[in-house]
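Topology and contacts: notes
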Amino acid sequence: ETVGPIEASMNHYKANHPQLKKLDLYSQNLAINRKIVNGQYLPHVNGFFEFHYGKPGIDFFKNSWNPYIQTGVNISFKLFDWNKRKRDSTIIQYRETKIINHESDLLNWTSQQLKSLYQEKKSLESDLKRIDRLIEYSDKIRVMKENLYLEKQVSNLEYLSYLQKLKAYQIKKKQIFFKLE
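What comes next concerns the included structure.

1. Observations regarding the packing of helix H1 (residues 5–16) against helix H3 (residues 84–150)
- Taken N-terminus to C-terminus, the directions of H1 and H3 make an angle of 140 degrees; their axes are 10 Å apart at the nearest point. Viewed along their axes, H1 and H3 form a crossing whose handedness is right-handed. In this structure, H1 contributes Pro5, Ile6, Ser9, Met10, Tyr13 and Lys14 to the contact, and H3 contributes Leu106, Leu107, Thr110, Ser111, Leu114, Lys115 and Tyr118.
- Looking at side-chain class alone, the contact of H1 with H3 contains eight nonpolar, three polar and two charged residues.

Structure (structure tokens):
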């Protein structure tokens, strides 16, 4: 399957444009934020284990040092969030929608600009072909007018006006080349 020049340009644009890369990073950041928000409202379980050597117990004046161990489990969860989870999820969803809309607007605008550029290029190429034919035709007429001038059958003004028309076509051709570059 061959890809046209517009599609190839759009693929290159999507892969390399810094603004699209930035929007992609924002999307990844929002996906991480969504996981964080969802994780904040799950129960949290923490455990700990400590080994000590010291004076455990209430009698601090007793001169006996012993090893002792402390362990524990902590379970915590939010009882009331007052719809904060839903609000946070909605905010993240709005931000994701905003990024998606901005990206699609940017891609649509770029696609329209590329289509107009390729259309203009196509138009300029057809103009170039037309100007080449005009130059070729005008050069034949110039040779004929020059011969007629040398035979004194046409005035020098008529010959010079045709030379000027030929020069105008050549200038127009250079302008089209300049626009195509």
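2. As for the packing of aromatic side chains
- For the coordinates displayed, the defined rule picks out one aromatic pair.
- Consider the rings of Tyr149 and Tyr159, whose centres lie 5.5 Å apart with planes at 5 degrees: the pair is stacked. Taken together, the residues Tyr149 in helix H3 and Tyr159 in helix H4 (residues 156–180) connect sequence positions 10 residues apart.
- What makes Tyr149 partly exposed here is its relative accessible area of 33%.

3. Some details on H4
- Look at H4: 36 Å from first C-alpha to last across 25 residues, which is about the 36 Å you get at 1.5 Å a residue.
- The complete set of buried residues in H4 reads Tyr159, Tyr162, Leu166 and Ile176.
- Against the buried residues of H4 lie H3.

4. Some words on the nonpolar core
- If you look at the biggest cluster of nonpolar residues, it comprises 12 residues: Met10, Tyr13, Leu20, Leu23, Leu30, Val37, Tyr41, Ile92, Ile99, Leu106, Leu107 and Leu114.
- For this core, the secondary-structure elements that each account for two or more residues are H1, helix H2 (18–40) and H3.
- Examining the composition of this core, we find that five residues originate from one element, H3, more than from any other.
- Excluding its chain neighbours within four sequence positions, the residues that come into contact with Val37 are Arg85, Asp88, Ser89 and Ile92.
- Formed by six residues, the second largest nonpolar core is a distinct cluster that contains Leu128, Ile131, Ile135 and Ile176.

The rules we used
Residues numbered from 1 in each chain as written. Predicted model: local features only at pLDDT ≥ 70, side-chain atom pairs only at ≥ 80, totals over all residues. Heavy atoms only, no water. Axes fitted to C-alpha atoms, helices over the stretch in contact; angles between N-to-C directions. Helix = DSSP H or I, 4+ residues; strand = E, 2+ residues; numbered from the N terminus. Left-handed = near helix turned anticlockwise from the far one by under 90°. Contact = heavy atoms within 4.5 Å. Nonpolar A, V, L, I, M, F, W, Y, C, P; charged D, E, K, R; others polar. Phe/Tyr/Trp six-rings, centres within 6.5 Å; stacked < 30°, edge-to-face > 60°. Buried < 20%, exposed > 50% of the residue type's maximum accessible area, 1.4 Å probe, protein only. Expected span 1.5 Å × (residues − 1). Core = buried A, V, L, I, M, F, W, Y, C linked by side-chain atoms within 4.5 Å.

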